Amino acid sequence: MSSPPPAESRSTESATPRLGDLDPWDEALLAALERNPGERLLTLPELAEASNFSTTLLEVVIREGFLTPITEEPEPLFELSDADSLKAGLALVEAGLPLGELLDLARRTDTAMRPIAEQAIEVFARYVRDSVEANTTSDEEAVRKLVSAFTTMLPATGRLVDRHFRRLLIDGARRRLAGDT
Amino acid sequence: MTIRIESTDLTIEAVLERRPHTVWISPEMTLAGFGARLRLDPGVGPGRFERARLMFAEWVASEGAHPAPDIGPFGFASFTFDEQVAGSIIVIPEVVVASDRKSSWLIRHGAEDNEWSDSPLGTTAVKPDRPRFAGSSLPDHLWLEAVAAAIKRIEEGQLQKVVLARDHALWSKEPFVLDRVLDKLHQRFPDCMVYLVDGLVGASPELLIRRRGESVTSLALAGSARRDPDPVVDDQLGSELLASSKDLHEHALASESVERVLERVCQSLQRPNRPGLLKLANVQHLATPFAGNLTESHDVLDLVGMLHPTAAVGGTPTLDAIEMIRALEGMERGRYAGPVGIFDLAGDGEFAIALRCAEISGARARLFAGAGLVQGSVPEDELEETRIKLQAMLSALE
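Residues numbered from 1 in each chain as written. Chains lettered and ligands numbered in written order. Predicted model: local features only at pLDDT ≥ 70, side-chain atom pairs only at ≥ 80, totals over all residues. Heavy atoms only, no water.

A few words now on the pairing of strand 8 (residues 104-108) of chain B. Successive side chains on a regular strand alternate, one facing one side of the sheet and the next facing the other. Residues and elements named next belong to chain B. Summarising burial for strand 8: five of the five residues are buried, a large majority. The sheet contact formed by strand 7 (residues 95-99) and strand 8 spans five bridges and is antiparallel. Paired with Val95 across the two strands is Arg108, which belongs to strand 8. (Buried < 20%, exposed > 50% of the residue type's maximum accessible area, 1.4 Å probe, protein only. Helix = DSSP H or I, 4+ residues; strand = E, 2+ residues; numbered from the N terminus. Pairing = 2+ DSSP bridges.)

This part is about empty space enclosed by the protein. Residue and element names in this part refer to chain B. Counted under the stated rule, the structure contains three cavities of 30 Å³ or more. What lines the largest cavity is a set of 22 residues, among which Ala312, Leu355, Arg356, Gly370 and Lys389 lie closest to the centre. Here the lining of the largest cavity takes five residues from strand 22 (residues 364-373), the largest share from any one element. Here the residues of the lining of the largest cavity sort into 11 nonpolar, five polar and six charged. Considered as a void within the structure, the second largest cavity measures approximately 70 Å³ in volume. Lining of the second largest cavity is provided by Pro128, Asp129, Ser172, Glu174, Pro175, Phe176, Val177, Arg180, Val181, Lys184, Leu397 and Glu398. Ranked by residues supplied to the lining of the second largest cavity, first place goes to helix 4 (residues 178-188) with three residues. (1 Å grid on protein atoms, 1.4 Å probe; cavity = no way out; pocket = protein on both sides within 12 Å on 5 of 7 lines; lining within 4 Å. Points joined across faces, edges and corners; volume = space filled by probe spheres on them. Nonpolar A, V, L, I, M, F, W, Y, C, P; charged D, E, K, R; others polar.)

What follows covers the interface of chain A and chain B. Taken together, the contact between chain A and chain B spans 21 residues of the former and 25 residues of the latter. For the pairing of chain A and chain B, the buried interface totals around 1900 Å² over both sides, and the portion due to carbon and sulfur atoms is 54%. Seen at the junction of chain A and chain B, the total is four salt bridges. Measuring nitrogen to oxygen at the nearest pair gives 3.0 Å for the salt bridge that ties Arg387 of chain B to Asp104 of chain A. Run the count over chain A and chain B and you get eight residue pairs in polar contact (both at pLDDT 80 or more). Looking at the side of chain A that touches chain B, the elements that each hand over two or more residues are helix 4 (55-63) and helix 6 (99-134) of chain A. The element that contributes the greatest number of residues to the side of chain A that touches chain B is helix 6 of chain A, accounting for six residues. (Contact = heavy atoms within 4.5 Å. Buried area = accessible area lost by both parts, 1.4 Å probe. Salt bridge = Lys/Arg side-chain N within 4 Å of Asp/Glu carboxyl O. Polar contact = N/O pair within 3.5 Å; in protein donor to acceptor, adjacent residues only side chain to side chain.)

Right under this line is the structure:
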């Protein structure tokens, strides 16, 4: 059977610029994108235990590109928050959603959201980053303003998307219930 | 009671409007049966195909049929996949309308024609409810684990191929309407063999065996890709399938299992050197047709017994694959993936492999789909393949 788009095409891995190659404000943004250095990372078996996923199922999620190790050296390591995402997926399955349907929804969500995410990054770069660069008098001020904007906007975006999708689900469910008892 | 055979000008469409209880539609023959004159249980074990033939012949003899009818009488047969599992059945309807596309006949097997209506009943008036999911014998995520375990054993060299299937149980607020299901299947899969035997309804592309006198034909299918509405993408998917070493390997095992049997019993067995593509509404398959002439007398049920289970639904080696299916699949296949078809007293007939099917009983149904696993198979791809196959059958019940 032909596969869905290969995991590589959905991977969030990309060419990461090295610190020192960038403008100071971009270096600061890049640093803000990095994980907390003190955060504990999990090996694959540890993640399996923390999430109650089997190794087989974890390998599927990784191949599908929905879970990416934060580093491959010295072995694949994952963020602790990955376990929470996996538990959320498992909760859907345990509530009765067949895994095949969940994977199909996840693939289509990924396909639909990827260009929107790219557009959101472009909008940030054009209207926030460029504007800060144009309207600050020092590198320090630019760094402070950009990092502040980023750390405010990222969780705000997450809340907006979560809220909007939740609203779509509730409205759709209401319509469905109104027409089908 | 003498079996009476009369010419008729009834079209098959007109016959289907009379809501037959038993149906076989293939590119060569269409049979619609009404009522059940007799239901025979050929039992379990390796002798079940021969017993089916003997039981049918005994019934014909007891009815005092004339010795050389133009056509029929016919038995409709559906066998369980696993010879150790009960549930195989031979149905002999009261009345059969048969057509070979040139002529049609009305074959009366019974003393009374009370199951036969001379006028169309029309479509069922009750608006059907939608099919509703009721669960699976093995939930998806556990089936995925079974598939991963099977692939691991294949990669360790324990066997070359195994087919693992899964099921969806459905329920509805109203009984499922079989004539609607048949009509949808026939419309959507015009190149498939559409069948209804004792609640098993489906549309199979896979011809296990067709026998007409000395001539036999078969079609081996294995290796699949999805269809795409864009013809360019669809052709690309087909080209990739034809070049896929994993799918070609899977197909070769299936076609070799057919060839090994037909080579033993045929002279001048013909088959193309490379598989072609069979494009159905929802999926495209690698396909190898076989054609030959029998060198010795084997009736169609003999041939079914020799061929079943092919590697397209069992695996390679066969016995190891069957053991693995029993150990890992987590469900009882029943008549899914078993031989289903028609046969007559002369030993001719047509049998498909019961794929793309549902077992329907009133407002309950059970759908099945399977996937062939070989070295290089990926569990989530097989899950997706079976999901697409299940959706095709689900849409016929909507």
